[in-house]
Amino acid sequence: MANHMPDSEKPTSYLCGYIEAAVQQLNLPESSRDLLTNAYRELRVQIPVRRDSGEMDIFYGYRVQHNGALGPYKGGIRFHPEVVLNEVRDLASAMTWKNALMCLPFGGAKGGVICNPYTLSNREKEALMRGFTSKISLIIGPYRDIPAPDMNTNAQMMAWLMDEYGKKHGYSPAVVTGKPVELGGSLGRKEATGRGAFYLLEDYYKKASRSLNGATVALQGFGNVGYHVAALLENAGAKVVALANHLGGVYCEAGLDIQALKAYEKDNAYQLAGFADSSALTNEALLALNVDCLIPAALGHVIHEKNADAVQARVILECANLPVTPQGEKILEDKGVVILPDVLANAGGVTVSYFEWTQNLQQFQWEAAKVNQELKTKILAAFEKVIHCKETHGLNYRQACYRLAVERVHKASQLRGYTNNLSEQ
Ligand code: NAD
């Protein structure tokens, strides 16, 4: 099977390295590698928005659908000034592997709008989200592609998406997840990514015969994911000694009071510096702290070949997507740092999104306790399979995750007839 994609358009992503390694380990055909590394569809749209000043601004956004062999595409939409197509491709690809690893009936997608959300009023944000939805509505739908929140997007924005899509297609709550509970959102969805990461870390510690009680943690990102994982860790007796957002962070050796810090952030226009009994800290210094666990929960690529050597944490729980580059990972591995990879660590969000989608399709709502229990069961079951694969094949956690996920997507692609079947190989 020849691949006719011109070289100039081939993805340059480092995620391809993880996929290619899994393809080689599994001894899959060349055609499979091409199918699995490239995105199925990439849409770029132009979104004119009238600003509050009366001026028209033109924004641009992307929706990338990476692989749909296992089911409808699924992945969040982020609003950020640094959104670029190559990264959206990576993030869409990461969703394919995350969904496959968690055995969810979804393919992978991601969306991004290039904008600075901190400079947009609420009305401007609504206009931008509605405009983006309208432009991508050709390719989304409850059985086609189901968006969700990501960086700088939230439940309210998913409600606008649902409403805008509904204008053309009728009432369709299952077109998007992460909605407000009043509009069919799932109980427990808001906390789900942080909660899933917490369950994973707790289990990792338990398997190592250690306790989270008293463990020290440094956390980058104090948004939806960072806040919830911090609150759960504090509740389990861990000491979150450092926390930072996009404006910088704070350090307190005795452990920060998470609720009080969140209230302080709200009252001080996102400034954390100046919080009681703490000292100010830069994001770079946070990553280098001597702590038991480091949790990147903001942007990708924050740990790389230039700063990985400074990392002193024993474990990295990747709540953000793609926070460690392969070069950074190599340095960390040589230092014996254990990485619990993003495709597993932050899969709680999409797992509860899956529960939300199924509840919407059935017009039914689960209790919060059931959502949390099902989430725990799914995350820990995936972790067991990853550990088994890691030990059987002598891999690290990330390599084991990719091996399992690539195998599942390859099998589905083969059964659907997207790639050679066994008798043709
Ligand atoms: P969010 O918008 O709610 O919060 C982002 C946080 O990161 C904020 O505290 C912000 O101040 C901080 N931040 C932004 N730029 C920063 C910088 N340069 N340095 C330090 N901090 C910075 O986003 P979120 O939903 O919490 O997502 C965080 C990460 O988790 C992203 O990588 C996202 O892709 C990933 N993720 C989110 C979900 C989800 O369900 N929300 C699911 C899986 C993965």
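Residues numbered from 1 in each chain as written. Predicted model: local features only at pLDDT ≥ 70, side-chain atom pairs only at ≥ 80, totals over all residues. Heavy atoms only, no water.

Visitor: Got a minute to help me understand the overall build of the protein chain in this structure?
Guide: When its secondary structure is counted, the protein chain shows 14 helices and 12 strands. Relative to its length of 425 residues, the protein chain is compact, with a C-alpha radius of gyration of 21 Å against a globular reference of 22 Å. Principal-axis analysis of the C-alpha atoms gives the protein chain an extent of 65 × 60 × 45 Å. Counting only residues that meet the buried cut, the protein chain has 57% of its 425 residues in that class. Within the protein chain, contacts between residues separated by at least 24 positions form 67% of all contacts whose residues are at least 6 apart in sequence. Counting every atom, the protein chain has about 17,700 Å² of accessible surface; 50% of that belongs to carbon and sulfur. Between the centroid of the 43 positive side chains of the protein chain and the centroid of its 44 negative side chains there is a distance of 5 Å. (Helix = DSSP H or I, 4+ residues; strand = E, 2+ residues; numbered from the N terminus. Rg over C-alpha atoms; globule rule 2.2 N^0.38 Å. Buried < 20%, exposed > 50% of the residue type's maximum accessible area, 1.4 Å probe, protein only. Contact = heavy atoms within 4.5 Å. Areas by Shrake-Rupley, 256 points an atom, 1.4 Å probe, with all protein chains shown as cover. Lys, Arg positive; Asp, Glu negative; His and termini not counted. Charge placed at Lys NZ, Arg CZ, Asp CG, Glu CD.)

Visitor: Looking at this structure, how should I read the site of the ligand?
Guide: Around the ligand, the structure places 23 residues, and the nearest of them are Asn152, Thr193, Phe222, His246 and Ala298. Between the ligand and Asp150 there is a distance of 2.8 Å, counted from an oxygen atom to a side-chain nitrogen or oxygen. The backbone of Val225 places a nitrogen or oxygen atom 2.9 Å from an oxygen atom of the ligand. Contact with the protein chains removes 88% of the 830 Å² of surface that the ligand exposes when unbound. Contributing elements (two or more residues each) for the shell around the ligand: helix 6 (189–207) and helix 7 (224–235). Residues belonging to the shell around the ligand are distributed by class as follows: 9 nonpolar, 11 polar and 3 charged. (Near = heavy atom within 4 Å. Polar contact = N/O pair within 3.5 Å; in protein donor to acceptor, adjacent residues only side chain to side chain. Nonpolar A, V, L, I, M, F, W, Y, C, P; charged D, E, K, R; others polar.)

Visitor: What should I look at first to understand the sheet that holds strand 11 (residues 315–317) in this one?
Guide: Strand pairs in the sheet, formed through backbone hydrogen bonds, run parallel or antiparallel to each other. Strands sit in the order 9-8-7-6-10-11-12 across an open sheet of 7 strands; the sheet is mixed. Whereas interior strands pair on both sides, the edge strands pair on one side only; in this sheet they are strand 9 (279–281) and strand 12 (338–340). Recorded for the sheet is a direction-independent mean angle of 20° between the axes of neighbouring strands. Bridge analysis of strand 7 (residues 239–245) against strand 8 (residues 248–251) gives 4 bridges, and the strand direction is antiparallel. Across the sheet, residue Asn245 finds its bridge partner in strand 8, namely Gly248. (Pairing = 2+ DSSP bridges. Axes fitted to C-alpha atoms, helices over the stretch in contact; angles between N-to-C directions.)

Visitor: Explanation requested: the nonpolar core in the structure shown.
Guide: Looking at soluble globular proteins, one finds that nonpolar side chains tend to be buried together. Within the largest apolar cluster, 88 residues are counted, with the highest numbers of intra-cluster contacts made by Leu233 and Leu317. Among the nonpolar cores identified, the runner-up in size contains 22 residues, and Val49, Leu128, Ile140 and Tyr165 belong to it. (Core = buried A, V, L, I, M, F, W, Y, C linked by side-chain atoms within 4.5 Å.)

Visitor: Looking at this structure, I do not really get the sheet that holds strand 5 (residues 145–149). What am I missing?
Guide: Strand order in the open sheet formed by 5 strands is 1-2-4-3-5, and the pairing between neighbours is mixed. Strand pairing shows two members of the sheet lacking a second neighbour, strand 1 (41–50) and strand 5, which therefore form its edges. Mean inter-strand twist for the sheet, computed between neighbouring axes without regard to direction, equals 25°. Looking at chain direction, strand 2 (residues 56–67) and strand 4 (residues 107–114) are connected through 7 bridges and run antiparallel. In the strand pairing of strand 4, Tyr60 is matched with Ile114.

Visitor: For this particular structure, what's the right way to read unusual backbone geometry?
Guide: Among all residues except glycine, the phi angle is most often negative; among peptide bonds, the trans geometry is most common. Not every positive phi belongs to a glycine, and Ala269 is a case in point at roughly 45°. As for its position among the elements, Ala269 is in the loop between helix 8 (258–267) and strand 9. Phi at His301 is positive, roughly 60°, even though this residue is not glycine. Along the chain, His301 turns up in the loop between strand 10 (293–296) and strand 11.

Visitor: Explain the pairing of strand 10 here, please?
Guide: Within a regular strand, the side chains alternate between the two sheet faces. Going residue by residue along strand 10, you find Cys293 and Ile295 tucked away on one face and Leu294 and Pro296 tucked away on the opposite face as well. Here 4 bridges tie strand 6 (residues 216–220) to strand 10, and the two strands are oriented parallel to one another. Directly across from Val217, in strand 10, lies its bridge partner Cys293.

Visitor: Explanation requested: the environment of Ser53 in the structure shown.
Guide: The residue Ser53 is located in the loop between strand 1 and strand 2 in this model. Exposure remark for Ser53: the relative accessible area of 60% places this residue in the exposed category. Sequence spacing of Ser53 and Thr119 is 66 residues, and the spatial spacing of their C-alpha atoms is 12 Å. There is a polar contact of 3.4 Å between the side chain of Ser53 and the backbone nitrogen of Glu55.

Visitor: Would you mind going over the pairing of strand 6 with me for this structure?
Guide: Most of strand 6 sits inside the fold, with 5 of its 5 residues counted as buried. With burial as the criterion, each face of strand 6 is covered, one bearing Thr216, Ala218 and Gln220 and the other bearing Val217 and Leu219. Crossover connection from strand 6 via helix 7 to parallel strand 7: handedness right-handed. (Right-handed = clockwise from strand over helix to strand, strands pointing away.)

Visitor: Is there a simple way to explain the packing of aromatic side chains in this structure?
Guide: Geometrically, a pair of aromatic rings is defined through the distance of the ring centres and the angle of the planes. Taken as a whole and judged by the stated rule, the model has 16 aromatic pairs. Ring geometry for Tyr18 versus Tyr402: centroids 5.2 Å apart, planes at 45°, classification tilted. Placement of the pair is Tyr18 in helix 1 (residues 15–25) and Tyr402 in helix 14 (residues 397–416), with a sequence separation of 384 residues. Seen from their ring centres, Tyr204 and Tyr397 are 6.5 Å apart, and the 75° between their planes marks the pair as edge-to-face. Remark: Tyr397 occurs in helix 14 and Tyr204 occurs in helix 6; sequence separation between them is 193 residues. (Phe/Tyr/Trp six-rings, centres within 6.5 Å; stacked < 30°, edge-to-face > 60°.)

Visitor: Honestly, a nonpolar patch on the surface in this entry has me stumped. Any pointers?
Guide: Nonpolar side chains collect at one region of the surface, where Tyr118, Leu247 and Tyr270 lie side by side and expose about 310 Å² of accessible area between them. Examined against the element boundaries, Tyr118 turns out to sit in the loop between strand 4 and helix 4 (122–136). (Patch = residues over 30% accessible without salt bridge, like charges linked within 9 Å, V, L, I, M, F, W, Y side chains within 5 Å. Salt bridge = Lys/Arg side-chain N within 4 Å of Asp/Glu carboxyl O.)

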